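# Coordinate analysis (summary)
These are the residues of each chain, in order.
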Amino acid sequence: MNPECVASQGDITAEIAAIAAEYRGDEALPRLDYPPYRGTALRHPNRPPVPVDPEEVERWAPCFGYQDVDPLEADLTAGHPGQPLGERLIVAGRLLDGSGGPVAGQLIEIWQANAAGRYRHQRDRHPAPLDPNFTGAGRCLTGPDGLYRFLTIKPGPYPWRNHRNAWRPAHIHFSVFGTAFPQRLVTQMYFPGDPLFDLDPIFQSVLDPAARRLLIARYDHDLTEPEFATGYRWDIVLGGGTRTPTEADDA
């Protein structure tokens, strides 16, 4: 192995820190053009937005009701012949507006890798096993108090070829719908104490350390169910100074 091709943990961390230091502005927002995350160079906006006549586009959708979203869809461990492999998790929290009030009746979708770090998707080439009892996608509607709750398994880290020996921290993708498709927000929830945080350009693209901490769930022993599943609590805040960073913030 050529030693010149080997990037140490310190080298990668220093590179991310050096490039991040060049950025200014609202550091609580994720950077869409962030050189350490190489994919952003291919898809970040670099031209002015194109005006769209709202009368020519169907904007007021989707509209979901309880008859469309079954409560069982929030259980990612169900619907298969057997139980999925991995640590069972209860992930719950509240969807809040900028003033801390609950946002009720909103659709929340999640998707994630399985315990081995592989997505059930045809483009996922990670040579890790698929779990026949885990699809990795679920959804629910927030309750009157803004609460959501999912039962799932803890996803594993996975390689993603952004740089040599690049691995994503364990995470769950969250999507929150408003009353129109353009209002959809997408973000990621992480787990406390992950050793890959400092090496992950996606996590580090949120430059403000305080804002990054808002993406990390906290272990909740009261939410944990004895001999069944550990519990993690994570609130999603849509506005204000403690808003959850989302992938749409910088669009």
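This structure is a prediction, so every number in the text was calculated from the model and none was measured. (Residues numbered from 1 in each chain as written. Predicted model: local features only at pLDDT ≥ 70, side-chain atom pairs only at ≥ 80, totals over all residues. Heavy atoms only, no water.)

## Here's the deal with the overall build of the protein
A count of helical and extended segments in the protein gives four helices and eleven strands. Classification of the 251 residues of the protein by burial places 45% in the buried group. Within the protein, counting contacts between residues at least 6 apart in sequence, those at least 24 apart form 70% of the total. In the form shown here, the protein has an accessible surface area of approximately 14,200 Å², with 54% of it arising from carbon and sulfur atoms. (Helix = DSSP H or I, 4+ residues; strand = E, 2+ residues; numbered from the N terminus. Buried < 20%, exposed > 50% of the residue type's maximum accessible area, 1.4 Å probe, protein only. Contact = heavy atoms within 4.5 Å. Areas by Shrake-Rupley, 256 points an atom, 1.4 Å probe, with all protein chains shown as cover.)

## Regarding the confidence of the model for the protein
Reading predicted coordinates in detail is not appropriate for stretches of low pLDDT. Across the protein, the average pLDDT comes to 85, with 80% of residues at 70 or higher. Taken together, the stretch residues 1–7 has pLDDT below 50 and engages in six contacts with residues farther than four places along the chain or on a different chain. (pLDDT = per-residue confidence, 0-100.)

## Brief notes about the sheet that holds strand β8 (residues 185–190)
Strand pairs in the sheet, formed through backbone hydrogen bonds, run parallel or antiparallel to each other. What the four strands build is an open sheet, ordered β3-β2-β7-β8; its pairing is antiparallel. Each edge of the sheet is formed by a strand with only one pairing partner; in this case those strands are β3 (137–141) and β8. Mean inter-strand twist for the sheet, computed between neighbouring axes without regard to direction, equals 25°. As judged from the five bridges shared by strand β2 (residues 107–111) and β3, these two strands associate in the antiparallel manner. Pairing of Ile108 across the sheet is with Cys140, part of β3. (Pairing = 2+ DSSP bridges. Axes fitted to C-alpha atoms, helices over the stretch in contact; angles between N-to-C directions.)

## Structural notes on empty space enclosed by the protein
Inspection of every chain in the model, using the stated rule, returns one cavity of 30 Å³ or more. A volume near 30 Å³ is recorded for the largest cavity. For the lining of the largest cavity, the per-class residue count stands at three nonpolar, four polar and three charged. (1 Å grid on protein atoms, 1.4 Å probe; cavity = no way out; pocket = protein on both sides within 12 Å on 5 of 7 lines; lining within 4 Å. Points joined across faces, edges and corners; volume = space filled by probe spheres on them. Nonpolar A, V, L, I, M, F, W, Y, C, P; charged D, E, K, R; others polar.)

## Notes on the pairing of β2
With four bridges joining them, β2 and strand β7 (residues 171–176) adopt antiparallel strand pairing. Bridge assignment links Trp111 to a residue of β7, and that residue is His173.

## Remarks on unusual backbone geometry
A positive phi angle is found at Arg161, which is not glycine, with a value near 60°. Mapped onto the elements of the fold, Arg161 is located in the loop between β5 (158–159) and β6 (167–168). One non-glycine residue, Glu227, lies in positive phi territory at about 60°. Considering the arrangement of structural elements, one finds Glu227 in the loop between β9 (218–219) and β10 (230–233). In this structure Glu227 comes out as exposed when scored by relative accessible area, which is 85%.

## Quick notes on the packing of aromatic side chains
On inspection of all chains with the given rule, the structure shows eleven aromatic pairs. Ring geometry for Tyr37 and Trp160: centres 5.3 Å apart, planes at 65°, overall edge-to-face. Pair noted here: Tyr37 is in the loop between α1 (9–20) and α2 (40–43) and Trp160 is in the loop between β5 and β6, with a separation of 123 residues, a long-range link. For the pair Tyr37 and Trp160, one class covers both residues: buried. Seen from their ring centres, Phe150 and Phe174 are 6.4 Å apart, and the 85° between their planes marks the pair as edge-to-face. With Phe150 in strand β4 (residues 147–153) and Phe174 in strand β7, this residue pair connects regions lying 24 residues apart in the sequence. Taken individually, Phe150 and Phe174 each receive the classification buried, so the pair is uniform in this respect. Members of the aromatic cluster, joined through ring pairs, are Tyr148, Phe150, Phe174 and Trp234. (Phe/Tyr/Trp six-rings, centres within 6.5 Å; stacked < 30°, edge-to-face > 60°.)

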